[in-house]
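Here is what each chain is made of, one letter per residue.
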Amino acid sequence: MSGFKKTALITGIAGQDGGYLAEFLIKKGYNVHGLVRWDSYMNPADGMARLAMLGLTDAALTLHQGDVTDAQSVTQLLKEVRPQEIYNLAAMSQVGVSFKTPAATLDINTKGTLAILDSIRLLDMERSVRMYQASSSEMFGSAPAPQDENTPFMPCSPYGVAKLASYWLARTYRDAYGIHVSNGILFNHESPARGEDFVTRKITKAVASIEAGSREVLRLGNLDSIRDWGHARDYVEGMWLMLQQERPDDYVLATGQAYSVREFVERAFEQIGIQVAWSGTGVEETGRDKRTGRLLVSVDPAFFRPKDVNHLLGNARKAQDALNWLPKYYFDDLVADMVNADRMLLWREAGGDAVWKMTG
Ligand code: NDP
Ligand code: GDR
């Protein structure tokens, strides 16, 4: 139908992926609605910063205050918005924190998904809406690498367990009620808009501050952990592609390349011309400027998790074949983009007068 504008609803729109996805869908001509958690909505300076950084204003989006765990209000929202596509991105997304707040993690990451699936049924929207469920490589947990759609799930955190429950809820509602719901099993994806508590952004922010003259030492947890790191901009396109398929299905999105946290640190410091020399082991390990000997990185057990996932490396062959999805950004581009964005951010905060807009 020519001139028909699709409507999409994004839960978690104020998060990293929500911002990039909203930007992507607006460019595709969608009406974009977003669910924003009530306290982020009330404190736009904090919670809505990413949307502003991406140049997304109230005029481009319709935002709704709410909470995915409040089933009745989720139903009411779907009734009002009547979207053709729902992207369920809302989550307590910090794996380490999920050990401290396991019940809240299960509430948000599982009951939230159930609220949406049940609302689709209650409103008889099974045939009119397609849903994306933000599943995660954390569901693979300790399963040996490389992981793909057929790898057995062995989650090792409350976060991974909650996401796995949602994955199965989505599959169950798909099989039982014919809902067009697809799970994207996404490996780590980062960007300049990544939350500052995730390891990549913590590193790139520290590197930019050290370059700007701060004396800070970057304190990290498990340096040996290996992840398959891609760019959020590529991954939101994959989410959209999943919902354009005639049949719902489950897909891994990953770059197929994996690096340790230690390698991320090295590559990030290389962006500012510093080579890191490592010495010591375990909690005694340190990273110093190879030229000056200055201490740059130390290990702090406060950032260890009760149980960590050691090696995630995705095989996205299915998405490549069925969706024609391939990432444009790989590790080096990602690290460069994030460090440069943090340098620009600091420069701007220090009074630089260029109009700053995220490039990542
Ligand atoms: P973020 O943490 O940046 O964004 C999650 C968003 O969910 C935040 O805006 C948060 O709001 C919102 N939220 C939290 N609780 C609720 C709630 N009760 N009701 C409504 N909204 C809520 O995560 P990402 O953008 O990185 O990830 C998007 C999704 O993809 C998440 O589900 C994550 O678990 C999953 N995922 C992410 C991967 C990644 O590498 N980035 C990989 C695989 C899966 P507020 O801002 O107010 O806290
Ligand atoms: P992850 O991302 O747990 O993979 O979950 P995170 O960046 O938090 O950790 C990655 C690895 O780095 C190690 N690490 C540290 N992590 C943090 N946050 N802070 C540190 O100081 C630190 N030092 C070392 C961690 O132990 C871990 O091994 C992300 C989230 O986006 C999830 O929502 C998503 O589902 C998965 O990616 C795929």
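Numbers given to residues run from 1 along each chain, matching the order in which its sequence is written. As they are written, the chains are lettered A onward and the ligands numbered 1 onward, keeping that order. Only residues with pLDDT of at least 70 get local features here, since the model is predicted, and only at 80 or more are side-chain atom pairs given and counted; chain-wide, interface and lining totals rely on the full set of residues. To get the side-chain values, take all heavy atoms of the structure and skip hydrogens and water.

**Brief notes about the overall build of the protein**
Defined as follows: Secondary structure counts use DSSP, requiring at least four H or I residues in a row for a helix and at least two E residues in a row for a strand, with both numbered from the N terminus. Each radius of gyration is computed over the set of C-alpha atoms, and the globule rule expresses the reference value as 2.2 Å times the number of residues to the power 0.38. Whether two residues are in contact is decided by their heavy atoms: any pair within 4.5 Å suffices. Note on areas: these come from Shrake-Rupley sampling with a 1.4 Å probe, and a residue is covered only by the protein chains present in the view.
When helices and strands are counted, the protein shows 13 helices and 15 strands. Radius of gyration (C-alpha) of the protein: 20 Å, near the 21 Å computed for a compact globule of 360 residues. Reported as C-alpha extents along the three principal axes, the dimensions of the protein are approximately 65 × 50 × 40 Å. Sequence separation of at least 24 residues holds for 76% of the intrachain contacts in the protein that already meet a minimum separation of 6. Surface exposure of the protein reaches about 16,000 Å², of which carbon and sulfur atoms provide 50%.

**Quick look at the packing of helix α9 (residues 199-211) against helix α13 (residues 331-349)**
The criterion, for reference: All axes here are fitted lines through C-alpha atoms, helices being fitted over the stretch that makes contact, and every angle between N-to-C directions spans 0 to 180 degrees. Note on terminology: angles under 35 degrees are roughly parallel, angles over 145 are roughly antiparallel, angles of 65 to 115 are roughly perpendicular, and the others are oblique. What makes a crossing left-handed is the near helix being turned counterclockwise from the far one by less than a right angle; a clockwise turn instead makes it right-handed.
The interhelical angle for the contact between α9 and α13, taken along N-to-C directions, is 50°, at an axis separation of 8 Å. Considered as vectors, α9 and α13 are oriented oblique to each other. For the element pair α9 and α13, the recorded crossing hand is right-handed. Touching Thr200, Arg201, Thr204, Lys205, Val207, Ala208, Ser209 and Glu211 of α9 are Met338, Val339, Asp342, Arg343, Leu345 and Leu346, all from α13.

**Brief notes about the site of ligand 1**
In plain terms, the rule: Whether a residue is near a molecule or strand depends on its heavy atoms: if one lies within 4 Å, it is near. Side-chain atoms alone can form a polar contact between residues adjacent in sequence; in general such a contact is a pair of N or O atoms within 3.5 Å, and within protein one must be able to donate a hydrogen while the other accepts it.
The full set close to ligand 1 counts 24 residues, and Asp17, Ser40, Ser93, Tyr159 and Lys163 are the nearest of them. In this structure, a nitrogen atom belonging to ligand 1 sits 2.9 Å away from a side-chain N or O atom of Asp67. At a separation of 3.2 Å, an oxygen atom of ligand 1 approaches a polar backbone atom of Ala91. At the level of secondary structure, the elements contributing two or more residues to the shell around ligand 1 comprise α1 (16-27), β5 (130-136) and α8 (158-177). When residues in the shell around ligand 1 are grouped by element, the largest group, three residues, is from β5.

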